[in-house]
Amino acid sequence: MQSSKLKTLYIYRLLEKYSDDEHPLSTTELIEMLKKYDIYCERKSIYTDIEALNAIGCDIIATKSPKRGYFMASRTFEEPEVMLLVDAVSSAGFITPKKTDSLISKLKTLVSEMQAETFESRVYVDAPGAKCTNEEIYFIIDRLHSAIMDKQKVKFIYKKRNIDVENKKGFTEKTFRVSPYALIWKNDHYYLVCNNEKYDNLLNLRIDRMKRLEILDEPVRPFSEVSEYTDKFDTQDYSSKLFNMFSGDKCTVKLECDISIQEEMMDRFGSKIPLVAAENNKFITTVDAALSDGLVSWIMQYGDSIKVIEPAELTEMIKEKAEKILSLY
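What you see is a predicted model; the values in this text were computed from it and never measured.

Peer 1: Where do I start with the sheet that holds strand β8 (residues 249–258) in this structure?
Peer 2: By way of backbone hydrogen bonds, the strands of a sheet pair with one another, either parallel or antiparallel. Strands sit in the order β9-β10-β8-β11 across an open sheet of 4 strands; the sheet is antiparallel. Two strands lie at the open edges of the sheet, namely β9 (276–278) and β11 (306–310), each paired on one side alone. The mean angle between the axes of side-by-side strands here comes to 40 degrees, regardless of whether they run parallel or antiparallel. With 10 bridges joining them, β8 and strand β10 (residues 282–291) adopt antiparallel strand pairing. Within β10, the position partnered with Thr252 by the bridge is Asp288. Taken strand by strand, helix α9 (residues 262–269) contacts β8, β10 and β11, and its axis lies near 30 degrees from that of β10. Across the sheet, helix α11 (residues 312–327) touches β8, β10 and β11, and the angle it forms with β11 is around 140 degrees.

Dropping the structure here:
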């Protein structure tokens, strides 16, 4: 009696795990598979079970090609969707190799075994050691989410790749006590946007460089004291103004750009940025950004395709950077 009640569930599991449009399971194969679970049945009962599964919303289809049988026609995630997730996990630098393998193994259970066997990430990560090695990162992300929701300060050790000649180390470690406001995934890294209690500004810290994080029984400093935001910390707005995750004072930047980089500018700042035609196949646009070394480096990568018109402070920063580079040669 017990095996009879379980038979329908086992049929669902077998079709989900072993069938797809190219690998249908015949009633004979299903009967043989069920015997492994000490379930013995007739062919007609298989038909009845499949009808019952379809009646509750399962999408099981009978087919005659490539052979007569049944297959699971649709799942929560389709094969291309799972492949997309596999690519994302494979290329995400903040996911450790160990966790990458674990997550991909779990993702493969969302499709049939035959489909999973063909899965290899199509993404090539062109950087040696591109994957994070900090196995604490998942615990840290979870705790940071909790701290942000509960509006509590956190404390952690932050590891930075600086040369420490005195101690013969390739890195330095520092203890931080901060008020966490938001998490941002940008430039293939997870960052914490926070305020160091010693200063009156925002700080962006790489989460993969944190360890031994503790949630403190202390309320966070209101972000309105250290940012332009009052009612809500606008993560999307904040992220859009950052370049290479360098923080800085917000400013309005007026740029003269070559028409050849119009698409890139819209990709970076959004399709609604103003585009005013100028002479010599150029256009002028105005955007909001954080005044920082990151912004300077971003602009300079375009060479003579971008000219800063305003503000004067930014043009001076670019001149100084260019002069320093020139002095090396």
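That was the structure; now back to the text.
Peer 1: Just to check I follow, could you spell out the sheet that holds strand β5 (residues 189–196) for this structure?
Peer 2: The 5 strands lie next to each other as β6-β5-β4-β3-β7, forming an open sheet whose pairing is antiparallel. The sheet is open, and its two borders are formed by β6 (203–206) and β7 (210–219), each paired with just one other strand. Along the sheet, successive strands turn relative to each other by an average axial angle of 50 degrees, direction set aside. As paired strands, strand β3 (residues 152–160) and strand β4 (residues 172–186) are joined by 7 bridges and run antiparallel to one another. Looking at β4, one finds that Val154 is bridged to Val178. Each of β3, β4, β5 and β7 touches helix α7 (residues 137–150); the most contacted strand, β7, lies at about 15 degrees to it.

The rules behind these values
Residues numbered from 1 in each chain as written. Predicted model: local features only at pLDDT ≥ 70, side-chain atom pairs only at ≥ 80, totals over all residues. Heavy atoms only, no water. Pairing = 2+ DSSP bridges. Helix = DSSP H or I, 4+ residues; strand = E, 2+ residues; numbered from the N terminus. Axes fitted to C-alpha atoms, helices over the stretch in contact; angles between N-to-C directions. Contact = heavy atoms within 4.5 Å.

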